[in-house]
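These are the residues of each chain, in order.
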Amino acid sequence: RPFSREKAKQISAAYDEKHDAKSLQQLKHFVSKLPHMQAERKALEVQTTVAGLVKKRIDNKDFHHKLGIEQILREGIDVDKLNEDIEEMIYKEACLKKVLRLLCIQSIAADGLKPKLLEFYKREIVQSYGYHHLITFDRLEKCGLLVAQDKTPKKSYPILRSTLNLTVENVNEKEPNDISYTYSGYAPLTVRLVNWITQKSGLKYLADMVKHLPGPAFQDSQKLSATQDRLEYSDNHTLVYFLGGCTYAEVSALRFLAQHHPNNATFTIATTKLINGDSLLETLIEPGKDKEQGS
């Protein structure tokens, strides 16, 4: 808001210069700046509209309630137990995407839900939202987002959370000093890994961390031949490619990392698609005539 007000004052002052134009040369100079001033005014209008929509969203009581549940789950608090807030959302037939998002976070934080707990959630959701969501659960399980816990869980998330400092308290979102500001106290795992990999001090820990990551992992090195041009090759330039999609928050975190990287690293970001929690779940939820499309 302070930036918008200051920008509006600057634009208004620029338009007022026409009153001070006394000569033909001064008028020509003012007219030459008109296209730029009009473009800035239009950009400010768009920014103000977007800021208003964002404020309306984050001022919503349900938004803060859901965010509070997410923060508790990602801290690993009582993730092995029934979450009464999620249970209440199911009974109230809240937006299914929001419910499943929280369940997936709980599952990941707990290295899978205890079989009885998972079956309870499944039964309640199927009864509230429809039996066709058995297909939804099957898809979530295949993606590794909502699974039953093994008899001897690896405790991968707690280890990664501690080793990579994934959760940070008292984040300054106005003047951030860590990438965790992008998720209100949670640092994207992908960007933390990029940070470790691009710093020599982190390479020795990489092998220990990889075994706690979901899915297969491999490392390969590409060597340039003597005939290849090395002039444009830079150890500090990294291509980060997200297969399956990445979020705008991850892009913001990588930009922040580049600005504060100790080795002055630069990142080129590539991905198959820009996604968010809702768009990802929409591809997995089996459509049907229920309240899953609610807000």
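Refer to the structure above for everything that follows.
Conventions adopted
- Residues numbered from 1 in each chain as written.
- Predicted model: local features only at pLDDT ≥ 70, side-chain atom pairs only at ≥ 80, totals over all residues.
- Heavy atoms only, no water.
- Pairing = 2+ DSSP bridges.
- Helix = DSSP H or I, 4+ residues; strand = E, 2+ residues; numbered from the N terminus.
- Right-handed = clockwise from strand over helix to strand, strands pointing away.
- Axes fitted to C-alpha atoms, helices over the stretch in contact; angles between N-to-C directions.
- Parallel < 35°, antiparallel > 145°, perpendicular 65-115°, else oblique.
- Contact = heavy atoms within 4.5 Å.
- Nonpolar A, V, L, I, M, F, W, Y, C, P; charged D, E, K, R; others polar.
- Buried < 20%, exposed > 50% of the residue type's maximum accessible area, 1.4 Å probe, protein only.
- Arc of directions from axis to C-beta.
- Polar contact = N/O pair within 3.5 Å; in protein donor to acceptor, adjacent residues only side chain to side chain.
- Core = buried A, V, L, I, M, F, W, Y, C linked by side-chain atoms within 4.5 Å.
- 1 Å grid on protein atoms, 1.4 Å probe; cavity = no way out; pocket = protein on both sides within 12 Å on 5 of 7 lines; lining within 4 Å.
- Points joined across faces, edges and corners; volume = space filled by probe spheres on them.
- Salt bridge = Lys/Arg side-chain N within 4 Å of Asp/Glu carboxyl O.
- Left-handed = near helix turned anticlockwise from the far one by under 90°.

Undergrad: Residue-level account of the pairing of strand S2 (residues 266-271), with values.
TA: Examined bridge by bridge, strand S1 (residues 237-242) and S2 share six bridges and lie parallel to one another. The residue of S2 that forms the bridge with Leu-239 is Thr-268. Viewed along the sheet, the connection from S1 through helix H11 (residues 248-260) into S2 turns out right-handed.

Undergrad: So what about the packing of helix H5 (residues 96-109) against helix H6 (residues 115-129)? Which residues, and what values?
TA: Running from N to C, H5 and H6 point in directions that differ by 175°, and their axes come no closer than 13 Å. Classified by the angle their axes make, H5 and H6 are roughly antiparallel. Facing Leu-96, Val-99, Leu-100, Leu-103 and Gln-106 of H5, the residues of H6 in contact are Leu-117, Tyr-121, Ile-125 and Tyr-129. Per-class residue counts for the contact of H5 with H6 are eight nonpolar, one polar and no charged.

Undergrad: Could you give an account of helix H4 (residues 84-91), with specific residues and numbers?
TA: Taken as a whole, H4 has its buried residues at Ile-86, Glu-87, Met-89 and Ile-90. One face of H4 carries all of its buried residues, which in axial projection span an arc of 160°. Buried positions along H4 lie against helix H3 (61-74), H5 and H6. Sitting at the head of H4, Asn-83 places a side-chain oxygen 3.0 Å from the backbone nitrogen of Asp-85. Glu-93 sits one or two positions beyond H4 and adopts a positive phi of about 55°.

Undergrad: Requested: an account of the nonpolar core, with residues and values cited.
TA: Across soluble globular proteins, nonpolar side chains show a tendency to be buried alongside one another. In terms of nonpolar packing, the biggest core is built from 38 residues, with Leu-100 and Ile-125 touching the most fellow members. Elements that contribute at least two residues to this core include exactly H3, H4, H5, H6, helix H7 (133-142), helix H8 (156-163) and helix H10 (200-210). The residues contacting Ile-125, other than those within four sequence positions of it, are Ile-90, Leu-96, Val-99, Leu-100, Leu-103, Gly-130 and Phe-137. Counting residues in each nonpolar core, the second largest holds 14 residues, with Ile-179, Val-251, Leu-254 and Phe-256 among its members.

Undergrad: Can you lay out the layout of surface pockets for me, pointing to particular residues and giving the numbers?
TA: In this structure, the second largest pocket occupies an estimated 260 Å³ of space. Lining the second largest pocket we find 11 residues, and of these Asp-62, His-65, Met-89, Lys-92 and Ala-94 sit closest to its centre. Looking at the lining of the second largest pocket, the elements that each hand over two or more residues are H3 and H4. For the lining of the second largest pocket, the element with the highest residue contribution is H3, accounting for four residues. Classifying every residue of the lining of the second largest pocket gives three nonpolar, two polar and six charged.

Undergrad: How would you summarise the pattern of salt bridges if you had to cite specific residues and measurements?
TA: If you walk through the whole model with that rule in mind, you get 11 salt bridges. Between Lys-81 and Asp-78 there is a salt bridge, with the nearest N and O atoms lying 3.8 Å from each other. Owing to a relative accessible area of 47%, Lys-81 belongs among the partly exposed residues under this scheme. Exposure remark for Asp-78: the relative accessible area of 46% places this residue in the partly exposed category. In this structure, Glu-282 engages Lys-97 in a salt bridge whose closest nitrogen and oxygen atoms are separated by 2.9 Å. In this pair, Glu-282 sits in helix H12 (residues 277-282) while Lys-97 sits in helix H5, placing the two residues 185 residues apart along the sequence. When salt bridges that share partners are traced, they join Lys-66, Glu-70 and Arg-101 into one network.

Undergrad: Please set out the environment of Ala-94 residue by residue, giving values where relevant.
TA: Structurally, Ala-94 can be placed in the loop between H4 and H5. On the basis of relative accessible area, Ala-94 is assigned to the partly exposed category, the value being 22%. Between the alpha carbons of Ala-94 and Tyr-129 there is a distance of 9.7 Å; along the sequence they are 35 residues apart.

Undergrad: How would you explain the packing of helix H9 (residues 189-197) against H11 if you had to name every residue and give the values?
TA: Interaxial distance between H9 and H11 falls to 9 Å at its minimum, and their mutual angle equals 25°. Viewed along their axes, H9 and H11 adopt a mutual orientation that is roughly parallel. The way H9 lies across H11 gives a crossing that is right-handed. Here Thr-190, Val-191, Val-194 and Asn-195 of H9 come into contact with H11, specifically with Glu-250, Ala-253, Leu-254 and Leu-257.

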